[in-house]
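Read off the chains here:
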Amino acid sequence: MDITKEIDTRGLKCPLPILRAKKALAELSSGQLLKVVATDGGSLRDFQAFARQTGNELVDQQTIGDEYVHVLRRR
């Protein structure tokens, strides 16, 4: 995967990871990828809902230890 931008939201609780991702996506061009690293367990469902509501594609979600990695493609 060719990640264009990565943001670190470790230690932040909802809704901050989503808000930071929304801001970062606004800086990307259509089709570019954003990787978000979070520690909030609720971020798994939060990013699924965010993708549905905004039309951005949730390309991948992984749980690695106590971290959650989300990859979004800018619409």
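Below: a short report on this structure. Since the model is a prediction, treat every value here as computed from it, not as a measurement.

Rules behind the numbers
Counting restarts for each chain, with residues numbered from 1 along the sequence as it is written. Predicted model: local features are reported for residues with pLDDT of at least 70 only, side-chain atom pairs are reported and counted for 80 or more only, and whole-chain, interface and lining totals are derived from all residues. For the side-chain quantities, the full set of heavy atoms in the structure was used; hydrogens and water were omitted. In plain words, nonpolar cores are sets of buried Ala, Val, Leu, Ile, Met, Phe, Trp, Tyr and Cys residues tied together by side-chain atoms within 4.5 Å. Accessible area is worked out with a 1.4 Å probe on protein chains only. A residue is then buried under 20% of its type maximum, exposed over 50%, and partly exposed in between. In DSSP terms, a helix is any run of H or I states spanning at least four residues, a strand is any run of E spanning at least two, and both are numbered starting from the N terminus. Contacts are residue-level and defined by heavy atoms, with any inter-residue pair within 4.5 Å sufficient. For two strands to pair, DSSP has to find at least two bridges joining them. Axes here refer to lines fitted to C-alpha atoms; in helices the fit is confined to the stretch in contact. Angles between the N-to-C directions go from 0 to 180 degrees. The directions from the helix axis to the C-beta atoms are what the arc is built from.

1. What about the nonpolar core?
Here is a general trend for soluble globular proteins: nonpolar side chains tend to be buried in one another's company. If you look at the biggest cluster of nonpolar residues, it comprises 12 residues: Ile-7, Ile-18, Ala-21, Ala-24, Leu-25, Leu-28, Leu-34, Val-36, Phe-47, Phe-50, Ala-51 and Leu-72. At the level of secondary structure, the elements contributing two or more residues to this core comprise α1 (16-26), β2 (33-38) and α2 (43-54). Here the element with the most residues in this core is α1; it accounts for four residues. Aside from chain neighbours lying at most four places away, what touches Leu-34 is Lys-5, Glu-6, Ile-7, Ala-21, Ala-24, Leu-25, Leu-28, His-70, Val-71 and Leu-72.

2. Digging into the sheet that holds strand β4 (residues 67-73)
The sheet built from four strands is open, its strands ordered β1-β2-β4-β3 with mixed pairing. Edge strands, defined here as strands with exactly one partner in the open sheet, are β1 (3-9) and β3 (57-64). Pairwise comparison of adjacent strand axes, ignoring direction, gives a mean angle of 15° for this sheet. Of the pairings in the sheet, the one linking β3 to β4 comprises seven bridges and is antiparallel in character. Looking at β4, one finds that Asp-60 is bridged to Val-71.

3. Here we look at α1
By the burial criterion, the buried members of α1 are Pro-17, Ile-18, Ala-21, Ala-24 and Leu-25. Seen from one end, α1 has its buried residues packed into an arc of 125°, which puts them on one side. Away from the buried face of α1 by more than 90 degrees, exposed residues Lys-22, Lys-23 and Ala-26 are located. Looking at the buried residues of α1, the elements they touch are β1, β2, α2 and β4.

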